[in-house]
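# Examination of the molecular architecture
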Amino acid sequence: MLDTPTYRPCPACRDTQYRKLVAYSLDPWEVVECASCNFVYLRNPPAYEALEEDFAWEKTYDEKKAADTGSTKFSPLGRKLKEITGLKSRDKHAKFVDWFGAGNVLDIGCGYGNLVQPPMVPFGIELSTGLHERADRNMRARGGYCLHGAGAEAIWEFPEDHFDGVILHSYLEHETDISGVLSGVARALKATGKVFIRVPNFASLNRRVIGANWCGFRYPDHVNYFTLSSLSDVAKRAGFETRLVNAATLPVDDNIHALLYKSAWGQVS
């Protein structure tokens, strides 16, 4: 049995005052709302070492998927709106190539390392011991490589101004050190580079209606719960501006899709 994790301040503003969200807390995990900036987060997340093995993504994902029943009440509506607005007409690869070109692209929390495909050159960071070896092998075959470790620590091992794009796909909700990883991304990203982020949407209609059974809750490896406002706030603190990608479907979408760009270099295309 793991020891009780250390309690942390708000990962967005560092305030220590909070309101416990009892309905969303599952013993011993405490989901709270910051009394200062209203950011919602897990107050007592497990250490990185536990996430490498005991709470590795591939284990908790399978467990959550098996347990989910009726937790996506408005997902069919969201999918229909995406079809109407054309958001489902192009795959992720085509969008990434549009945004990042044929340059170096870093996928943090890369899993098996298959998301970044040619003409992009893949690089990755993966905390799970079980996934890292396979990801590194996949990426080296295509000209890049994958580092093993926590994103907020490993990001600093890459050179400055190295990446044309960074992907944080289903990652930032797992990262205890949000400011650390975003600051590192800003350093490693070229001035004209872009960051793609996908995180669960805590403000979704689905969560408001379903409550504690919402598909976005995963204990204890989801440690941050974002709204568009709180995501934009933490991005701004790291020197980024935010452009929402799925604006048309956001109210009924269980996820936020956004692009970040460096504030000093203007709006992304």
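Quick summary incoming for the structure in this document. This is a predicted model, so every value here is computed, not measured. (Residues numbered from 1 in each chain as written. Predicted model: local features only at pLDDT ≥ 70, side-chain atom pairs only at ≥ 80, totals over all residues. Heavy atoms only, no water.)

Once that is clear, we can look at the pairing of strand 6 (residues 145-148). Taken together, the 4 bridges between strand 5 (residues 121-126) and strand 6 define a ladder with parallel strand orientation. Bridge pairing in strand 6 places Glu 126 opposite His 148. Since strand 5 and strand 6 lie parallel, the crossover through helix 5 (residues 129-140) that links them has a hand, and here it is right-handed. (Pairing = 2+ DSSP bridges. Helix = DSSP H or I, 4+ residues; strand = E, 2+ residues; numbered from the N terminus. Right-handed = clockwise from strand over helix to strand, strands pointing away.)

With that out of the way, let us pick up the side chain of Asn 44. Note that Asn 44 resides in the loop between strand 3 (40-42) and helix 1 (48-52). Judged by relative accessible area, which is 0%, Asn 44 ranks as buried. From its side chain, Asn 44 meets the backbone oxygen of Pro 28 in a polar contact 2.8 Å long. (Buried < 20%, exposed > 50% of the residue type's maximum accessible area, 1.4 Å probe, protein only. Polar contact = N/O pair within 3.5 Å; in protein donor to acceptor, adjacent residues only side chain to side chain.)

Pairing is antiparallel in the open sheet, where 4 strands are placed in the order 1-2-3-9. Single-partner strands in this sheet number two, and they are strand 1 (18-20) and strand 9 (224-225). Where strand 2 (residues 31-34) lies against strand 3, 3 bridges are found, and the strand directions are antiparallel. Bridge assignment links Val 31 to a residue of strand 3, and that residue is Leu 42.

Attention now goes to the sheet that holds strand 4 (residues 104-108). Spatially, 7 strands are ordered 6-5-4-7-8-11-10 in an open sheet, and the strand pairing comes out mixed. Whereas interior strands pair on both sides, the edge strands pair on one side only; in this sheet they are strand 6 and strand 10 (240-244). On average, each strand axis in the sheet is tilted by 20° relative to the strand beside it, whichever way the strands run. The sheet contact formed by strand 8 (residues 189-200) and strand 11 (residues 255-262) spans 7 bridges and is antiparallel. Residue pairing across strands places Ile 197 opposite Ala 258, the latter belonging to strand 11. Packed onto the sheet, helix 5 meets strand 5 and strand 6 and runs at close to 160° relative to strand 6. (Axes fitted to C-alpha atoms, helices over the stretch in contact; angles between N-to-C directions. Contact = heavy atoms within 4.5 Å.)

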